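Listed here are the chains, written in short residue letters.
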Amino acid sequence: MSAAALQNKKILLGITGSIAAYKAAFLTRLLIKAGAEVKVLMTPAATQFISPLTLSTLSKHPVFTEVAGAEGWNNHVELGLWADAMVIAPLTAATLGKMAHGICDNMIVAAYLSARCPVFFAPAMDVDMWHHPSTQENIQRLQGFGNHLIPVESGELASGLSGKGRLAEPETILDILHQHFSSEQVLKGKKVLLTAGPTYEAIDPVRFIGNRSSGKMGIALAEQAAALGAAVDLILGPSRLSPKNPNIKVHTVESAREMYEAAIALFPAADIAIMAAAVSDYRPEKYHSQKIKKQGEVPQILLVENPDIAATLGQRKRADQWLVGFALETQDAITNAEKKLKKKNLDLIVVNSLEDVGAGFNHDTNRITIIDQDNNYTNFELKSKKAVAKDVLAAIVHLSETAQRAS
């Protein structure tokens, strides 16, 4: 863990109306001692538990409690853009529900909805409130948006009961932020090649063979790789989506052969290649330059095989390169993926199945299994594709670090 991980980081700290709000003063001091700059937001209820003056004095910044105050409109959008991370600690069940459903009636939710930075939330509530299905559903909903849960701790609660629901200690929250910022640039100086989206194989000027891929998973991977410091080349098939990070260079293609040529050209410079595109296995043997008309007989369209991009890169892969494939299956997912892993000389393969509800094309979520060359596999729960991208990149980084230690 880098001692300087929080140096000059901008932290937006949200405090809601919990008895644990007093701990926010300790957290503020720890963050500032670690070199961070802290700005504090409070709900009106939070001011009943700890004074805004205390937190203003500690943070050396005004504390915002209302979107519109005596001095005018407080720019929650500006605060959301200012921060390197937003931390809500403590987070009550009330504000948790509002964040999960976009109910924007306080300064914290307003800033949260405007934030472009990672968001960490540390709940605090009584044991029965914590275990209530609505609370757990809201927790999962926030995590599904890509936000980071700081787990509650067990112990004596304000009600006199004992169990889960205690706010994580300030030192624990600080450690989690340290870990986040220590690892955020692990791919700095690396080049990542990614394929994403479908390919379209033209039949005539208006018809094509394609699939339902949206490109969401591949773009999420590109965004995450760039967030970790990598320079990313994204070969993107036909998609209405596009990445936002300026460190991602997009190469648009349409057909499998165009994607193949681009991948072959870019692969030698890549440290990591991730084949997330849903590439058409076949294309029409003949392209009709004019639209095919009805002429009484049903036309026959003969198909020929497209080049296998992942297998070709697997043959050309150097010892200092990592190659990761994706396998979307409808049956015998693990068995079929293991075969592809060996046949194509991949280092890892990411498996998802259309049999899993919420996984596959066009969903905002995915459920994956990652398999390595030794047939070790790790199963993950259904998550947002942003969260899945983090899991995949973490597995690649772990593989690379393990190999470096072995050598």
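Remember, it's a predicted structure, so these values are computed and weren't measured experimentally.

A. Broad picture of the overall build of the protein chain. In terms of regular secondary structure, the protein chain is built from 13 helices and 23 strands. Projected onto the principal axes, the alpha-carbon positions of the protein chain cover approximately 80 × 55 × 40 Å. Counting only residues that meet the buried cut, the protein chain has 50% of its 407 residues in that class. Across the protein chain, contacts joining residues at least 24 apart in sequence account for 67% of those joining residues at least 6 apart. As displayed, the protein chain has an accessible area near 20,500 Å², and 50% of this comes from carbon and sulfur atoms. A gap of 5 Å separates the mean positions of the 41 positive and 41 negative side-chain charges of the protein chain.

B. Up close: helix α13 (residues 385–406). With 22 residues, α13 extends 32 Å from end C-alpha to end C-alpha; this agrees with the ideal 32 Å at 1.5 Å per step. Three or more residues of α13 are buried, namely Lys385, Ala387, Val388, Ala389, Asp391, Val392, Leu393, Ala395, Ile396, Val397 and Ser400.

C. Region of interest: empty space enclosed by the protein. In this structure the tally under the stated criterion is 1 cavity of 30 Å³ or more. One number sums up the size of the largest cavity: a volume of about 30 Å³. Lining the largest cavity are Lys23, Ala24, Leu27, Ala89, Pro90, Leu167, Ala168, Glu169, Pro170 and Ile173. Looking at the lining of the largest cavity, the elements with two or more residues in it are α1 (23–33), β5 (85–91) and α8 (170–183). Counting residues per element, the lining of the largest cavity draws most heavily on α1, which supplies 3 residues. Along the lines of polarity and charge, the residues of the lining of the largest cavity split into 8 nonpolar, no polar and 2 charged.

D. Region of the structure containing the packing of helix α10 (residues 256–266) against helix α11 (residues 309–316). As a packed pair, α10 and α11 sit with axes 10 Å apart at the nearest point and diverge in direction by 20 degrees. For the element pair α10 / α11, the angle class is roughly parallel. Seen along the crossing, α10 lies across α11 with a hand that is right-handed. Residue-level inspection shows Ala256, Met259, Tyr260, Ala263 and Ile264 of α10 in contact with α11, the latter providing Ile309, Thr312, Leu313 and Arg316. Residue composition of the contact of α10 with α11, grouped by class: 7 nonpolar, 1 polar and 1 charged.

Parameters at a glance
Residues numbered from 1 in each chain as written. Predicted model: local features only at pLDDT ≥ 70, side-chain atom pairs only at ≥ 80, totals over all residues. Heavy atoms only, no water. Helix = DSSP H or I, 4+ residues; strand = E, 2+ residues; numbered from the N terminus. Buried < 20%, exposed > 50% of the residue type's maximum accessible area, 1.4 Å probe, protein only. Contact = heavy atoms within 4.5 Å. Areas by Shrake-Rupley, 256 points an atom, 1.4 Å probe, with all protein chains shown as cover. Lys, Arg positive; Asp, Glu negative; His and termini not counted. Charge placed at Lys NZ, Arg CZ, Asp CG, Glu CD. Expected span 1.5 Å × (residues − 1). 1 Å grid on protein atoms, 1.4 Å probe; cavity = no way out; pocket = protein on both sides within 12 Å on 5 of 7 lines; lining within 4 Å. Points joined across faces, edges and corners; volume = space filled by probe spheres on them. Nonpolar A, V, L, I, M, F, W, Y, C, P; charged D, E, K, R; others polar. Axes fitted to C-alpha atoms, helices over the stretch in contact; angles between N-to-C directions. Parallel < 35°, antiparallel > 145°, perpendicular 65-115°, else oblique. Left-handed = near helix turned anticlockwise from the far one by under 90°.

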